[in-house]
Amino acid sequence: GSSKNVYIDGKPFHSGDNTAHLPTDVDSFYMGSGGYGAELSHAIIDDFSVYGKELTEADVLALTKGTLPTALPAAKGLIAYWNFNDSTPAGGGGVVNLKAVADGLGKVTITFTGAGVVQSSDTVNGTYADTAIKSGDVITAVGAKFYKGKK
């Protein structure tokens with residue numbers, strides 16, 4: 001419908017009415033960034049999900065109390081879910097900081113710091129496998145590919 005709602009920590013943050021269709025040529029989404037490496041936020045984000053249907057206030061409240069987005073009925077239209085639960089291995093260590101910057105022409109530069117490997121999957125919730133990507137490698141974007149750093 002035309003109703004758009006944004007919740008933060010289970011509380012309504014912004015709402016509005018907009019009947020315009022979403023563009024069909026979206027190829028990038030930047031959360032906490034101005035895009036192409038322009039950092040705007042130093043926030044910590046825990047759990048981020050995108051739905052194709054409007055959630056009720058009760059759905060949002062359930063999510064803030066620990067219900068997983070994947071536990072909501074399929075009719076809620078879950079499109080994507082990131083839990084950001086990469087853990088630090090036993091014995092210490094830090095986080096692998098992974099950064100991908102697209103040049104807008106189909107080239108993506110992958111850089112990372114920390115002792116780890118870059119993993120990839122064809123789907124966001126799929127099985128991730130180690131790649132041979134090294135820090136500073138330039139790869140050509142072909143279809144959708146998802147990357148994460150593994151310590």
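Going by the structure above, here's the rest.
Residues numbered from 1 in each chain as written. Predicted model: local features only at pLDDT ≥ 70, side-chain atom pairs only at ≥ 80, totals over all residues. Heavy atoms only, no water.

A. Representation of the sheet that holds strand 12 (residues 146–150) within the structure. Across the sheet, three strands lie side by side as 10-9-12; this open sheet has antiparallel pairing. In this open sheet, the two edge strands, each paired with only one partner strand, are strand 10 (129–130) and strand 12. The sheet contact formed by strand 9 (residues 117–121) and strand 12 spans five bridges and is antiparallel. Following the sheet pairing, Ser121 is matched in strand 12 by Phe146. (Pairing = 2+ DSSP bridges. Helix = DSSP H or I, 4+ residues; strand = E, 2+ residues; numbered from the N terminus.)

B. Structural view of the environment of Lys65. Counting through the fold element by element, Lys65 comes out in the loop between helix 1 (57–64) and strand 6 (78–82). A sequence separation of 56 residues divides Lys65 from Asp9, and the C-alpha atoms of the two residues are 9.6 Å apart.

C. Fine view of the nonpolar core. Membership of the largest hydrophobic core is limited to six residues, which are Val108, Ile110, Phe112, Val118, Ile133 and Ile139. When residues of this core are assigned to their parent elements, the largest contribution, three residues, is made by strand 8 (residues 107–113). For Ile133, the residues in contact, after removing those within four places along its chain, are Ile110, Phe112, Val118, Ile139 and Tyr147. (Core = buried A, V, L, I, M, F, W, Y, C linked by side-chain atoms within 4.5 Å. Buried < 20%, exposed > 50% of the residue type's maximum accessible area, 1.4 Å probe, protein only. Contact = heavy atoms within 4.5 Å.)

That is the geometry; function is a separate question.
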